Amino acid sequence: MAIVNSRPTITRKELEGVLDCLISDRLEAGETVKNFESRLSELLSIKYCLALTSLTAAYHCAFAALEIQPGDEVIIPSYFDPSPLNALMLAGGTPVLVDMEENTLAPDLEQIRGKITEKTRAIVIKHFMGFILPLETIVETGVPIIEDISHAVGTESDDRPIGQCGIITVASFAPSMIITTGNGGMAATSNSRLFSRMRDLRGTGSSDSGPCCEYGMTDFQGAMGISQLSRLRDFLNRRRDIARIYYGALQLTPHRTIYGFNEAFAYQSFPVLFDAPQEKIEKYWKKIGVELHRPVKEPLHRLLNLRPMDFPHSDRMAKKLYSLPLYPTLTKKEIDKIALSLGRFI
């Protein structure tokens, strides 16, 4: 059986929490979701948190809170999943894409600065694959930041919980994330005005404050999230232990990863730039039964039919960057197989 690229860590504790909600007929958002939101707020040191149905819902709430309207612009890195792009289309705003810095997972700062105009309303930034990006220079632009911590929940930067640089912080709780609620997401802010707007859009189906999208998370999802949060430290430590083994194996090869090992990183995925043709890469790993994954198969500039030559680094990353399986439930035998196979792939 092949080693899959990602797998959620679900135990009896999650099942019992979900079952308790089902037995008591608590299916819609209720006290369990409020408890989950409260624990997220405490973890992130952010005053208000909304548990939502998806990452796209989180971005939609964020854009609505910032009152993004037709003609308003939002800067987004091209090497990104489509969630903010889809949400921005719902809001009516205009995406302004920037390329990545060469051989990094960070957006090009000079391009960001160069594309800020009087129409710019926000900049979207993500700690991709759990690698913590320094955001101070982007904060200095004065443009509100929407900080995506989907791949880095539970980490810290400069002794502060990750997510402190954004006026709004969002995250996904999809099955491949650091913690999962089956699906789902969150939007958090310490600004009461922005929180009120996001809460109104999330709605409950009975809001008197205007149109809402019924983005509320269910109680049984919240129960799963509470259980996941209780083991977050263990999840992160396990991911770092596995990443350390992969780093050791990689040193024996001509291939490389993006950043050196760092205990602060979350390692939602383990990225590798293979020094080999795509066909050879995929044939080798398929033959030995290890599922590779390309984190971004279609960068946003291709979805918008923009010229690849204007986004060369994003385009290259989409074609060349793969992730190896990395999740807490990998067995020692599976980890050893992946590491040994990595070391032998020359």
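As shown above, the structure is provided for reference.
Residues numbered from 1 in each chain as written. Predicted model: local features only at pLDDT ≥ 70, side-chain atom pairs only at ≥ 80, totals over all residues. Heavy atoms only, no water.

(A) Expanded view of the overall build of the protein. Counting its regular elements, the protein contains 13 helices and 11 strands. Projected onto the principal axes, the alpha-carbon positions of the protein cover approximately 60 × 55 × 35 Å. Burial statistics for the protein: of 346 residues in total, 54% are counted as buried. Taking the contacts inside the protein whose residues are at least 6 apart along the sequence as the reference set, 67% of them involve residues at least 24 apart. Roughly 15,400 Å² of accessible area belongs to the protein as shown, and the carbon and sulfur atoms make up 51% of that amount. One way to put it: in the protein the 39 positive side-chain charges average out to a point 7 Å from where the 41 negative ones average out. (Helix = DSSP H or I, 4+ residues; strand = E, 2+ residues; numbered from the N terminus. Buried < 20%, exposed > 50% of the residue type's maximum accessible area, 1.4 Å probe, protein only. Contact = heavy atoms within 4.5 Å. Areas by Shrake-Rupley, 256 points an atom, 1.4 Å probe, with all protein chains shown as cover. Lys, Arg positive; Asp, Glu negative; His and termini not counted. Charge placed at Lys NZ, Arg CZ, Asp CG, Glu CD.)

(B) Spatial organisation of the sheet that holds strand β5 (residues 145-148). The 7 strands are arranged β1-β9-β8-β5-β4-β2-β3 in an open sheet whose pairing can be described as mixed. Each edge of the open sheet carries a strand with a single partner, namely β1 (48-52) and β3 (94-98). Taking the axes of each pair of neighbouring strands and ignoring which way they run, one obtains an average angle of 20° across the sheet. The strands touched by helix α2 (residues 31-44) within the sheet are β1 and β9 (185-189), with β1 carrying the most contacts at an inclination of about 130°. On top of the sheet, helix α4 (residues 83-91) reaches β2 (73-77), β3 and β4 (120-126); it is set at about 165° to β2, its chief contact. (Pairing = 2+ DSSP bridges. Axes fitted to C-alpha atoms, helices over the stretch in contact; angles between N-to-C directions.)

(C) Summary view of unusual backbone geometry. Within the chain, N103 stands out as a residue other than glycine whose phi angle is a positive 60°. Note that N103 resides in the loop between β3 and α5 (109-115). Positioned with a positive phi, M129 is a non-glycine residue whose angle comes to about 60°. Note on placement: M129 falls in the loop between β4 and α6 (136-139). Residue classification places M129 among the buried positions, given a relative accessible area of 1%.

(D) View of the nonpolar core. In this structure, Y79, M186, Y246, F270, F274, W285 and L324 are the most contacted members of the largest nonpolar core, which totals 64 residues. If one sorts the elements of this core by residue count, helix α9 (residues 232-250) sits on top with 9 residues. Within the second largest apolar cluster, 34 residues are counted, among which are Y59, L66, A187 and Y215. (Core = buried A, V, L, I, M, F, W, Y, C linked by side-chain atoms within 4.5 Å.)

(E) Region of interest: the environment of G163. With respect to the element layout, G163 can be found in the loop between β7 (160-161) and β8 (168-172). Between the alpha carbons of G163 and I149 there is a distance of 6.4 Å; along the sequence they are 14 residues apart. In contact with G163, not counting residues within four places along its chain, are I46, E147, I149 and T169.

(F) Layout of the pairing of strand β10 (residues 270-273). What you see with β10 is no split at all: F270 and V272 on one side and P271 and L273 on the other are buried throughout. Pairing between β10 and strand β11 (residues 321-324): 4 bridges, direction antiparallel. Along β11, the bridge assignment pairs L273 with L321.

(G) Here's a closer look at a negative patch on the surface. A surface patch of like charges, here negative, comprises E136, E140, E156, D158 and D159. Here E156 is to be found in strand β6 (residues 156-157). (Patch = residues over 30% accessible without salt bridge, like charges linked within 9 Å, V, L, I, M, F, W, Y side chains within 5 Å. Salt bridge = Lys/Arg side-chain N within 4 Å of Asp/Glu carboxyl O.)

(H) Representation of α2 in the model. Relative to the 20 Å expected for 14 residues at 1.5 Å per residue, α2 spans 20 Å between its end C-alpha atoms, a close match to the ideal helical length. Phi turns positive, to about 55°, at S45, one or two residues after α2. (Expected span 1.5 Å × (residues − 1).)

(I) How the structure looks around the packing of aromatic side chains. Taken as a whole, this structure holds 20 aromatic pairs when the rule is applied. Ring centres of Y284 and W285 lie 5.3 Å apart, and the angle between their planes is 85°; this geometry places the pair in the edge-to-face category. When its relative accessible area of 22% is taken as the criterion, Y284 is described as partly exposed. Among the aromatic residues, ring-to-ring pairing joins F131, Y246, Y247, Y259, F261, F265, Y267 and F270 into one connected group. The cationic tip of K126 hangs over the ring face of F80; the distance from NZ or CZ to the ring centre is 5.4 Å. (Phe/Tyr/Trp six-rings, centres within 6.5 Å; stacked < 30°, edge-to-face > 60°. Lys NZ or Arg CZ within 6 Å of the ring centre and 35° of its normal.)

(J) Focus on a nonpolar patch on the surface. A grouping of L19, L22 and I23 is seen on the molecular surface, where their side chains present a nonpolar patch of about 290 Å² in accessible area. Inspection of the secondary structure assignment puts L22 in helix α1 (residues 12-23). For L22, a relative accessible area of 40% corresponds to the partly exposed category.

(K) Up close: the side chain of D72. Checked against the element boundaries, D72 lands in the loop between α3 (55-65) and β2. We classify D72 as buried; its relative accessible area is 11%. At 2.8 Å, the side chain of D72 and the backbone nitrogen of Q69 are in polar contact. A distance of 3.4 Å separates a polar atom in the side chain of D72 from a polar atom in the side chain of R121. Setting aside chain neighbours within four positions, we find D72 in contact with E67, G93, T94, K119 and R121. (Polar contact = N/O pair within 3.5 Å; in protein donor to acceptor, adjacent residues only side chain to side chain.)

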